Amino acid sequence: MSARIDFNCDMGESFGAYQLGQDQEIIKYITSANIACGFHAGDPNWMHRTVKLAEEHGVAIGAHPSFPDLSGFGRRNMAVAPGEAKNDIIYQIGALTAFTSAGKLQHVKPHGAMYNMAVRDEALARAICEAILEVDPETILIALAGSQWIDIARDMGLRVAREAFADRAVNADGTLVPRSKPGSVIEDVDEVARRSVKMVTEGKVTAITGEEVALSADTLCLHGDTPNSIHLASSIRSALEAEGVQIVPLGRIVSG
């Protein structure tokens, strides 16, 4: 049986009159869209527009909730109590779901600092899982492959997808290299395509320090605000398909 992978991208990260990313082009290459819900980017008009764009292209829809941090684009660590984080996530999931034709999301993928902090912060990880379970237990959580967060979610009875990143460097322990460090974002098209194929077909990725890191992923992420993201999306998809990889939505990969 050939390898299968979901291809996701963060989208709808514009705000008001300011447009970020090239969603209308990238949508052609992906199978799942993580749509900003207004806390780090996005607003009701952009949420509506992005949901309809995904629906028109048959792309599965997920919420991309964040800490309330518009000024920092959700990338600043915040000291938020687990109960507060849970309510913030429920609010954002509900807001995005209301724009969908089906009244249902495929997945939830926390954004930025919330995502990275949950990898090591068990209380935050549990709060995120509780929020999803409270709204819709069938919704899939996207979390970092190899992290304790995956085990926490599964133990809580949540459907969970393991995520790898096409355009982000990783440390030897599999965590993402902070964006504040040089080389954290990979922009070379050929390198991104090669590492994507390696992660999906071999279950390995080379850390920024040179070690080979094992990983098993259900979904591969490309950031929409990475420079040259359209070319990256096209090249990743072409490289994977050339290796016989099936690119399908998470619902066909993660069991119920």
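Above this text you will find the structure in question.
So, how was this worked out
- Residues numbered from 1 in each chain as written.
- Predicted model: local features only at pLDDT ≥ 70, side-chain atom pairs only at ≥ 80, totals over all residues.
- Heavy atoms only, no water.
- Helix = DSSP H or I, 4+ residues; strand = E, 2+ residues; numbered from the N terminus.
- Rg over C-alpha atoms; globule rule 2.2 N^0.38 Å.
- Buried < 20%, exposed > 50% of the residue type's maximum accessible area, 1.4 Å probe, protein only.
- Contact = heavy atoms within 4.5 Å.
- Expected span 1.5 Å × (residues − 1).
- Arc of directions from axis to C-beta.
- 1 Å grid on protein atoms, 1.4 Å probe; cavity = no way out; pocket = protein on both sides within 12 Å on 5 of 7 lines; lining within 4 Å.
- Points joined across faces, edges and corners; volume = space filled by probe spheres on them.
- Nonpolar A, V, L, I, M, F, W, Y, C, P; charged D, E, K, R; others polar.
- Core = buried A, V, L, I, M, F, W, Y, C linked by side-chain atoms within 4.5 Å.
- Pairing = 2+ DSSP bridges.
- Right-handed = clockwise from strand over helix to strand, strands pointing away.
- Lys, Arg positive; Asp, Glu negative; His and termini not counted.
- Salt bridge = Lys/Arg side-chain N within 4 Å of Asp/Glu carboxyl O.

Draft legend 1. Layout of the overall build of the protein. Each helix and strand in the protein was counted, giving eight helices and ten strands. Relative to a compact globule of 256 residues, whose C-alpha radius of gyration would be 18 Å, the protein shows 17 Å and is just as compact. Structurally, the protein occupies a C-alpha span of about 40 × 40 × 35 Å along its principal axes. The proportion of buried residues among the 256 residues of the protein is 55%. For the protein, the proportion of contacts with a sequence separation of at least 24, taken over those separated by at least 6, is 73%.

Draft legend 2. View of helix 3 (residues 82-97). For helix 3, spanning 16 residues, the distance from its first C-alpha to its last is 22 Å, which sits close to the expected 22 Å at 1.5 Å a residue. Inspection of helix 3 places Ala85, Lys86, Asp88, Ile89, Gln92, Ile93, Leu96 and Thr97 among the buried residues, and these make up the whole buried set. Around the axis of helix 3, the buried residues are gathered within 165 degrees of arc, so they sit on the same side. Residues Asn87 and Tyr91 are exposed on helix 3 and point more than 90 degrees away from its buried face. Looking at the packing, one finds that the buried side of helix 3 touches strand 2 (32-36), helix 2 (44-56), strand 3 (60-64), strand 4 (107-108), helix 4 (112-120) and helix 5 (122-135).

Draft legend 3. Molecular detail of empty space enclosed by the protein. Taken as a whole and judged by the stated rule, the model has one cavity of 30 Å³ or more. In the lining of the largest cavity, the residues fall into two nonpolar, three polar and four charged.

Draft legend 4. Molecular detail of the environment of Gly42. Turning to its location among the elements, Gly42 is positioned in the loop between strand 2 and helix 2. Residues Gly42 and Pro68, 26 residues apart in the sequence, show an inter-C-alpha distance of 12 Å. In contact with Gly42, other than residues within four places in its own chain, are Gly12, Glu13, Ser14, Phe15 and Ala36.

Draft legend 5. Highlighting the nonpolar core. Membership of the largest hydrophobic core comes to 74 residues, with the highest contact counts inside it found for Ile30, Leu96, Ile128, Leu141, Trp149 and Leu240. With residues near it in sequence (within four places) discarded, Trp149 still touches Pro110, Tyr115, Ala118, Val119, Ala125, Ile128, Cys129, Leu141, Ile142, Ala143 and Leu144. If you look at the next biggest cluster of nonpolar residues, it comprises five residues, including Ile140, Ile142, Leu250 and Val254.

Draft legend 6. Looking closely at the side chain of Glu163. Examined against the element boundaries, Glu163 turns out to sit in strand 6 (residues 159-165). Note on Glu163: relative accessible area 1%, which makes it buried. When neighbours within four sequence positions are excluded, Glu163 is seen to be in contact with Asn8, Lys109, Tyr115, Ile142, Ala143, Leu144, Ala145, Thr219 and Cys221.

Draft legend 7. The pairing of strand 2, seen in detail. The element strand 2 is largely enclosed, with a buried count of five among its five residues. Of the two faces of strand 2, both are covered, the one formed by Ser32, Asn34 and Ala36 as well as the one formed by Ala33 and Ile35. Examined bridge by bridge, strand 1 (residues 4-11) and strand 2 share four bridges and lie parallel to one another. The partner of Met11 across the bridge, within strand 2, is Ile35. Note: strand 2 against strand 3, five bridges, orientation parallel. Residue pairing across strands places Ala33 opposite Ile61, the latter belonging to strand 3. Crossover strand 2 to strand 3 through helix 2 is right-handed.

Draft legend 8. Region of interest: the layout of surface pockets. If you add up the space inside the largest pocket, you get close to 500 Å³. Around the largest pocket, the lining is made up of 24 residues, and of these Gly112, Ala113, Asn116, Arg168 and Pro178 lie nearest the centre. Looking at the lining of the largest pocket, the element that brings in the most residues is helix 4, giving seven residues. A class-by-class count of the residues in the lining of the largest pocket yields nine nonpolar, nine polar and six charged. In this model, the second largest pocket occupies a volume close to 210 Å³. Surrounding the second largest pocket, 21 residues form its lining, Leu144, Ala145, Asp173, Gly174 and Thr175 being those nearest its centre.

Draft legend 9. Focus on the side chain of Arg195. If you trace the backbone, Arg195 turns up in helix 7 (residues 189-202). For the buried Arg195, no salt bridge exists, and the shortest N-O distance to an oppositely charged side chain is 4.8 Å, to Glu191. Ignoring any residue separated from it by four or fewer positions in sequence, one finds Arg195 in contact with Phe165, Ala166, Arg168, Ala169, Ile186, Val205 and Thr206.

Draft legend 10. Inspection of the pattern of salt bridges at higher detail. Scanning the model with the defined rule gives 14 salt bridges in all. Close ionic contact of Lys86 with Glu130 constitutes a salt bridge, the shortest N to O distance being 4.0 Å. Taken together, the residues span a long stretch of sequence, with Lys86 in helix 3 and Glu130 in helix 5 at a distance of 44 residues. For Lys86, a relative accessible area of 18% puts it in the buried group. Where Arg237 meets Glu241, a salt bridge forms, and the shortest distance between an N and an O atom there is 3.0 Å. Of this pair, Arg237 and Glu241 both sit in helix 8 (residues 229-242), separated by four residues, roughly a single helical turn. You can call Glu241 partly exposed: its relative accessible area is 41%. Several salt bridges converge on common partners, so that one network encompasses Asp10, Lys109 and Glu163.

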